Amino acid sequence: MNEKLKIAKDLLKIQAVFLRPDEPFTWASGIKSPIYCDNRLTLSDHQVRLDVENGLAAIVKEHYPEAEVLMGTSTAGIAHAAITAHLLALPMGYVRSGAKDHGRKNQIEGKLLPGQKVVVIEDLISTGGSVLEVVDVLRQAGAQVLGIASIFTYGMKKSVDRLAEAKVQNLSLTDLDTVAQAAAEEGYIRPEDQKRLLAFRDNPSDESWIQK
């Protein structure tokens with residue numbers, strides 16, 4: 001079994017990824033979605049947590065060997081950045097969604113020196129907006145962002161285009177295509193629902209996938 005499929009099956013097993021094509025979830029943006037993803041649940045299962053953190057560490061070692069610091073996204077990426085940094089014996093920190101309004105008013109927590117080579121650790125990428133805000137904050141602080149390592153990506157065109165425009169690479173442990181494949185194989189969804197999930201990924205604003 002390849003690693004993407006293994007992580008996909010892990011996420012399905014612990015219901016970190018929950019598929020409901022016949023009863024869509026509604027995102028804050030109003031978009032109807034056949035999938036809900038909560039990767040915080042990976043922290044609660046020792047074996048899945050081990051698979052995820054070893055996977056993130058492998059991405060950093062293989063694709064970003066020059067990394068000097070790992071920076072988690074707040075809040076979901078913080079624990080993953082901490083554990084992965086521990087495995088790699090690297091410093092870590094995290095980036096707040098906004099600067100604190102007290103104390104030193106930091107937005108970047110942890111030590112970061114100008115010019116340091118950073119990998120951003122993220123749990124989930126949908127449209128790419130939040131992780132790119134983190135990349136921008138780090139770049140403004142003088143960091144050299146090597147790329148992003150994430151657990152799951154929807155693979156939406158909007159995120160792919162945004163990341164390309166910002167000239168930042170994302171490498172995910174698994175993605176919607178693989179989760180849809182695993183879910184059909186394992187009986188979480190009907191085989192015909194796999195196409196509906198991919199139709200959602202291709203165009204989230206087109207709700208025609210909801211029709212059976």
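Thresholds, definitions, all that
- Residues numbered from 1 in each chain as written.
- Predicted model: local features only at pLDDT ≥ 70, side-chain atom pairs only at ≥ 80, totals over all residues.
- Heavy atoms only, no water.
- Helix = DSSP H or I, 4+ residues; strand = E, 2+ residues; numbered from the N terminus.
- Rg over C-alpha atoms; globule rule 2.2 N^0.38 Å.
- Buried < 20%, exposed > 50% of the residue type's maximum accessible area, 1.4 Å probe, protein only.
- Contact = heavy atoms within 4.5 Å.
- Areas by Shrake-Rupley, 256 points an atom, 1.4 Å probe, with all protein chains shown as cover.
- Lys, Arg positive; Asp, Glu negative; His and termini not counted.
- Charge placed at Lys NZ, Arg CZ, Asp CG, Glu CD.
- Pairing = 2+ DSSP bridges.
- Axes fitted to C-alpha atoms, helices over the stretch in contact; angles between N-to-C directions.
- Core = buried A, V, L, I, M, F, W, Y, C linked by side-chain atoms within 4.5 Å.
- Right-handed = clockwise from strand over helix to strand, strands pointing away.

Undergrad: Help me out: how do you make sense of the overall build of the protein in this one?
TA: Across its full length, the protein holds seven helices and 10 strands. Scaling as 2.2 N^0.38, a compact globule of 212 residues should have a C-alpha radius of gyration of about 17 Å, and the protein matches this with 17 Å. Across its three principal directions, the C-alpha atoms of the protein cover 55 × 35 × 30 Å. For the protein, buried positions account for 48% of its 212 residues. Put simply, 62% of the contacts in the protein that link residues at least 6 apart link residues at least 24 apart. Here the protein has roughly 10600 Å² of accessible surface; of this, 49% comes from carbon and sulfur atoms. Taken as two groups, the 25 positive and 28 negative side-chain charges of the protein have centres that lie 4 Å from each other.

Undergrad: Can you help me understand the sheet that holds strand S5 (residues 69-73) in this one?
TA: The strands making up a sheet are joined through hydrogen bonds of the backbone, oriented either antiparallel or parallel. Read from one edge of the open sheet, six strands run S7-S6-S5-S8-S9-S10, paired in mixed fashion. This sheet does not close on itself; its edge strands, each paired only once, are strand S7 (108-109) and strand S10 (170-175). Where strand S9 (residues 144-153) lies against S10, five bridges are found, and the strand directions are parallel. Across the sheet, Ile148 pairs through a bridge with Asn170, a residue of S10. Set on the sheet, helix H2 (residues 46-63) makes contact with S5, strand S8 (117-125), S9 and S10; between it and S10 the angle comes to about 145 degrees. Contacts from helix H4 (residues 129-140) reach S5, strand S6 (92-95), S7, S8 and S9, with the element oriented near 165 degrees to S8.

Undergrad: Would you explain the nonpolar core in this entry?
TA: Generally speaking, soluble globular proteins have nonpolar side chains that are buried together. Counting 43 residues, the largest nonpolar core has Leu19, Phe152 and Tyr154 as its most contacted members. Beyond its immediate stretch of four places on either side in the chain, Leu19 contacts Leu12, Pro34, Ile35, Val179, Ala183, Ile189 and Leu197. One finds Val95, Val118, Leu163 and Val168 within the second-largest nonpolar core, a separate group that totals 19 residues.

Undergrad: How should the pairing of S10 be read in this particular structure?
TA: Look at any regular strand and the pattern is simple: side chains alternate between the two faces of the sheet. In terms of burial, S10 is a largely internal element, six of the six residues being buried. For the crossover from S9 across helix H5 (residues 157-165) to S10, the handedness is right-handed.

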